[in-house]
Amino acid sequence: MLAKLALQSLLDRKGSAMLSLLAMTVSVFVLLAVEHIRHQTKDNFSNTVSGVDLIVGARTGNINLLLYSVFRIGSPTNNIRWQTYENITSNKLVKWAIPISLGDSHKGYRVLGTTQDYFEYFSYGKKNRLEFDQGHQFDQLFDVVLGAEVANKLGYSLGDKVALAHGIATTSFSMHDDRPFTVVGILAATGTPVDQTLHVSLKGIEAIHIDWQHGVKVANTELTQSDLEKVDLQPKSITAFMLGLSSKMATFQVQRSINEYASEPVVAILPGVALSELWRMIGVLENTLLLVSILVFIAACLGVSSMLLASIRERRHEIQLLRIIGSPPYFLFLLIELEALLITLLGCLLGATLLMACLASLQGYLVAEYGIYIASNILTKHSGYLLMSIIMASIVVAIIPSLSGYRKARES
Amino acid sequence: MAIELADIRFHYPSRAEHTVLNVPSWSLKTGTQAFVYGPSGGGKSTLLGLLSGLLSPNSGQVRVLGQCLDTLSNRQRDQFRAANIGYVFQQFNLMPYLNAIDNVLLATQFSQSNNRGGKENEVKVLFNALNIPENEWQIPCRDLSVGQQQRVAIARALINKPKLLIADEPTSSLDQANSDAFMKLLMPMAADNNMTLLFVSHDHSLSSYFTSVESLGDFNQVEGINNAS
Ligand SMILES: Nc1ncnc2c1ncn2[C@@H]1O[C@H](COP(=O)(O)OP(=O)(O)OP(=O)(O)O)[C@@H](O)[C@H]1O
Ligand SMILES: [Mg+2]
């Protein structure tokens, strides 16, 4: 009966109840969305690289090294000598090493020069290896393996020819178009920056830079494939490299020895540590967003409460009547709490449904356009807790009108 | 005795200088159908407030159905009221957004007996006895005519089979014909259920329906107020 009374009384005040419900729905939507995306991006983010024990590059800030080696953001300050790479990886604690060479691009997507070990050892997420959607890894000089998004967005398929550009600007005029690459493999989507990368061999990178000095084409010798194979294409420098160690325990020891490497200033970072450092910087923004959405929610709670508070004056006769037929004053308290709770529950239901519908319909677009994967299932433990706190908070805020109803009931 | 008042003095807390009731002694025998009249502002509704336990006298004793109200806790008083006293007022008898059946059932919510299935049948029996057409049972009470609303109010007051029925000018918002119809339904119902009926009004013309007729001024001795009607 209490529930029926609460529901009917809300229905009786459709106009104001609807507006309160709308405000509650919007605020629940925003709060859930921010919290969901926060956790999703954090997951995605910390999933960009896994199983790599150390990343080594020219001495620079930790985050800078992480940004250009893993996220392909920004550019390296300096390269490191091939000799350094060989010296460091000769350490017997090093199980595997992936050299990477950055600096070229194709239509805005970065080109990564590496070795076949990349496909063997690089992993992301919960130690997932890279998998081929089509084709295989590069083995010829001018073979290229495309990330899922590159192939998808640019419409490439196996066998297509791709000309790389020097530098990383989208509209670079200095094209390496005299030596095009052939697509031999397309990777399955990973939801990481790998999807936005073109992978070629280190030798391929060397080959297209013959005749180039300091970023400018200085000669135009017509070299054929067989000519090139005769040239020594051993790279003289690379951008960075990733290391897998034979024992996790050795990580700090190896890191120290690299950081003390005398003949060239290099630095080794632990990807997990650098990721969380980077996350902390981004986290400030996220926390601000969360704070704003909490404030929006509190405003909605206050809206519901003020609507109920205003209704108490109109309901003077109803309250008196309830008292006459024997209802104790706390019944009024419960009634008004229940009305607030009904609005909140309905708002949670609508907000969550709306969010799931939005995510489900935007999912394809986000993956295609930005390579961001956000799960549409928001029914996680986190959002469960969040919904619970939403309900608790609304109950607490509704104490104000409920108490007023209780007092009115006692007076009558 | 259904009602016994002794040495009652009452003023509203907001107006301490204005004594509304001063009743040295007054009682009502069980089973009487009593009519108490008095002018507007004479304190009739206040008296009924004391009997229901919603108001407490500043001094003196209120006994209803043998129960001394000031020895009860607030909670017990609410339960006592729910179980033993039925009310009909001039207006605002019903929750406007609930239908007739739910309005009557709401009154069963707070009394001890809480057998819903059986109660719903009793409501229907009452509605039939009170000439409330079946097609009006399910619509919000605000959409009923005033006469129908007052009849639903009788059903509401009777559903818990109270021993005391209190009516506070229930007919003053009705026209003559409706008012007569109302009285002709109410009186036998109270008699059939062996209820004590206390009916207050400023309208002396209704007194013909009652066995006992009293003026409030006869037992309420407040000085300075016009005690005759
Ligand atoms: N809540 C209140 N606070 C203060 N004074 C009140 C309150 N209710 C009634 N009074 C005063 O108490 C006196 C008696 O009021 P009461 O309502 O009992 O009269 P009544 O006999 O029922 O009149 P009517 O026939 O118009 O209903 C009046 O002078 C009124 O001004
Ligand atoms: Mg009155």
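Small disclaimer: the values here were computed from a predicted structure and weren't measured. (Residues numbered from 1 in each chain as written. Chains lettered and ligands numbered in written order. Predicted model: local features only at pLDDT ≥ 70, side-chain atom pairs only at ≥ 80, totals over all residues. Heavy atoms only, no water.)

A. Layout of the overall build of chain B. For chain B, the count of helices and strands is seven helices and nine strands. Over its C-alpha atoms chain B spans a radius of gyration of 17 Å, differing by no more than 12% from the 17 Å that the globule rule assigns to 229 residues. Along the first, second and third principal axes, the C-alpha set of chain B runs to 50 × 40 × 35 Å. Counting the 229 residues in chain B, one finds 54% classified as buried. Within chain B, contacts between residues separated by at least 24 positions form 72% of all contacts whose residues are at least 6 apart in sequence. Accessible surface computed for chain B: about 9,800 Å², of which carbon and sulfur atoms make up 46%. In chain B, the 17 positive side-chain charges and the 20 negative ones have mean positions that sit 6 Å from each other. (Helix = DSSP H or I, 4+ residues; strand = E, 2+ residues; numbered from the N terminus. Rg over C-alpha atoms; globule rule 2.2 N^0.38 Å. Buried < 20%, exposed > 50% of the residue type's maximum accessible area, 1.4 Å probe, protein only. Contact = heavy atoms within 4.5 Å. Areas by Shrake-Rupley, 256 points an atom, 1.4 Å probe, with all protein chains shown as cover. Lys, Arg positive; Asp, Glu negative; His and termini not counted. Charge placed at Lys NZ, Arg CZ, Asp CG, Glu CD.)

B. Structural view of the site of ligand 1. All names here are of chain B. Neighbouring ligand 1 are 14 residues; Ser40, Gly41, Lys44, Ser45 and Thr46 lie closest to it. In this structure, an oxygen atom belonging to ligand 1 sits 2.7 Å away from a side-chain N or O atom of serine 45. Glutamate 169 is positioned with one of its side-chain polar atoms (N or O) 2.8 Å from an oxygen atom of ligand 1. In isolation ligand 1 has 630 Å² of accessible area, and contact with the protein removes 66% of it. Grouping the constituent residues of the shell around ligand 1 by class yields three nonpolar, eight polar and three charged. (Near = heavy atom within 4 Å. Polar contact = N/O pair within 3.5 Å; in protein donor to acceptor, adjacent residues only side chain to side chain. Nonpolar A, V, L, I, M, F, W, Y, C, P; charged D, E, K, R; others polar.)

C. Structural view of the interface of chain A and chain B. Counting residues at the interface gives 21 residues for chain A and 24 residues for chain B. Roughly 2,200 Å² of surface becomes buried between chain A and chain B when both sides are summed, with 67% attributable to carbon and sulfur atoms. Area buried by chain A at its contact with chain B is led by Met1, Ile324 and Ile325 of chain A, which between them contribute 31% of it. The salt bridge involving aspartate 12 of chain A is made with arginine 142 of chain B; its shortest N-O contact spans 2.8 Å. Linking chain A to chain B there are six residue pairs in polar contact (both at pLDDT 80 or more). (Buried area = accessible area lost by both parts, 1.4 Å probe. Salt bridge = Lys/Arg side-chain N within 4 Å of Asp/Glu carboxyl O.)

D. Looking closely at helix 4 (residues 82–89) of chain A. Within helix 4 of chain A, burial applies to Trp82, Thr84, Tyr85 and Ile88 of chain A. Buried residues in helix 4 of chain A, looked at end-on, bunch into an arc of 160°, giving them a common side. (Arc of directions from axis to C-beta.)

E. Spatial organisation of the pattern of salt bridges. Residues and elements named next belong to chain A. According to the stated counting rule, one finds nine salt bridges over all chains in the structure shown. Glutamate 339 is the salt-bridge partner of arginine 13, the closest N and O atoms lying 3.0 Å from each other. Within this pair, whereas arginine 13 is found in the loop between helix 1 (2–12) and helix 2 (14–46), its partner glutamate 339 is found in helix 12 (residues 329–370), the two being separated by 326 residues in sequence. As far as burial versus exposure is concerned, arginine 13 and glutamate 339 are alike and both buried.

F. Examining the sheet that holds strand 4 (residues 59–64) of chain B more closely. Residue and element names in this part refer to chain B. In spatial order, the strands read 2-1-4-5; together these four strands make up an open sheet with antiparallel pairing. Only two strands of the sheet have a single neighbouring strand rather than two, namely strand 2 (19–28) and strand 5 (67–68). Here strand 4 runs beside strand 5; their pairing, made up of two bridges, is antiparallel. For arginine 63, the partnering residue across the bridge sits in strand 5 and is cysteine 68. (Pairing = 2+ DSSP bridges.)

G. Structural context of the environment of isoleucine 395 of chain A. Residue and element names in this part refer to chain A. Tracing the backbone through its elements, the reader meets isoleucine 395 in helix 13 (residues 381–397). With 372 residues separating them along the chain, isoleucine 395 and alanine 23 place their C-alpha atoms 16 Å apart. In contact with isoleucine 395, not counting residues within four places along its chain, are Glu337 and Leu341.

H. Local environment of the side chain of threonine 48 of chain A. Residues and elements named next belong to chain A. When you line up the elements, threonine 48 lands in the loop between helix 2 and strand 1 (54–58). Residue class for threonine 48 comes out buried when judged on its relative accessible area of 4%. If sequence neighbours within four positions are ignored, threonine 48 has contacts with Val70, Phe71, Phe122, Tyr124, Thr192, Pro193 and Leu275.

I. Broad picture of the pairing of strand 8 (residues 196–201) of chain B. Residue and element names in this part refer to chain B. For strand 8, the tally of buried residues reaches six of six residues, placing the bulk of the element in the interior. What you see with strand 8 is no split at all: Thr196, Leu198 and Val200 on one side and Leu197, Phe199 and Ser201 on the other are buried throughout. Pairing geometry for strand 3 (residues 33–37) and strand 8, over five bridges, is parallel. Across the sheet, the residue bridging to glutamine 33 is leucine 197, located in strand 8. Two elements, strand 7 (residues 164–168) and strand 8, share five bridges in a ladder whose sense is parallel. Looking at the pairing, isoleucine 166 lines up with leucine 198 of strand 8. Remark: the strand 7/helix 6 (residues 176–192)/strand 8 crossover connection has right-handed handedness. (Right-handed = clockwise from strand over helix to strand, strands pointing away.)

J. Just the confidence of the model for chain B, in detail. Residues and elements named next belong to chain B. Scored by pLDDT, chain B comes out at a mean of 90, with 94% of its residues at no less than 70. For the stretch residues 225–229, pLDDT sits under 50, and the model shows nine contacts to residues farther than four places along the chain or on other chains. Scoring of the predicted complex yields 0.78 for pTM and 0.91 for ipTM. (pLDDT = per-residue confidence, 0-100.)

K. A look at a nonpolar patch on the surface. On the surface, a nonpolar cluster with roughly 440 Å² of combined accessible area is contributed by Leu291, Ile294, Leu295, Ile298 and Leu302 of chain A. Here leucine 291 of chain A shows up in helix 10 (residues 271–314). (Patch = residues over 30% accessible without salt bridge, like charges linked within 9 Å, V, L, I, M, F, W, Y side chains within 5 Å.)

L. Summary view of the packing of aromatic side chains. Here the structure, examined in full by the defined rule, presents 17 aromatic pairs over all chains. Among the aromatic side chains, those forming a connected cluster through ring pairs are Tyr118, Phe119, Phe122, Phe132 and Phe138 of chain A. (Phe/Tyr/Trp six-rings, centres within 6.5 Å; stacked < 30°, edge-to-face > 60°.)

M. Quick peek at the sheet that holds strand 8 of chain B. Residues and elements named next belong to chain B. Taken in spatial order, the five strands of this open sheet run 6-7-8-3-9, and their pairing is parallel. Taken across any chain shown, the strands that pair with only one partner, and hence form the sheet edges, are strand 6 (85–88) and strand 9 (212–215). The sheet shows a mean angle of 15° between the axes of neighbouring strands, taken without regard to direction. In this sheet, strand 7 lies alongside strand 6 in parallel orientation, the contact comprising four bridges. Residue pairing across strands places valine 88 opposite alanine 167, the latter belonging to strand 7. Set on the sheet, helix 6 makes contact with strand 3, strand 6, strand 7 and strand 8; between it and strand 8 the angle comes to about 150°. (Axes fitted to C-alpha atoms, helices over the stretch in contact; angles between N-to-C directions.)

N. Highlighting the side chain of glutamate 286 of chain A. Topologically, glutamate 286 of chain A is positioned in helix 10. Look at glutamate 286 of chain A: it is buried, it has no salt bridge, and the nearest opposite charge is arginine 38 of chain A at 4.7 Å.

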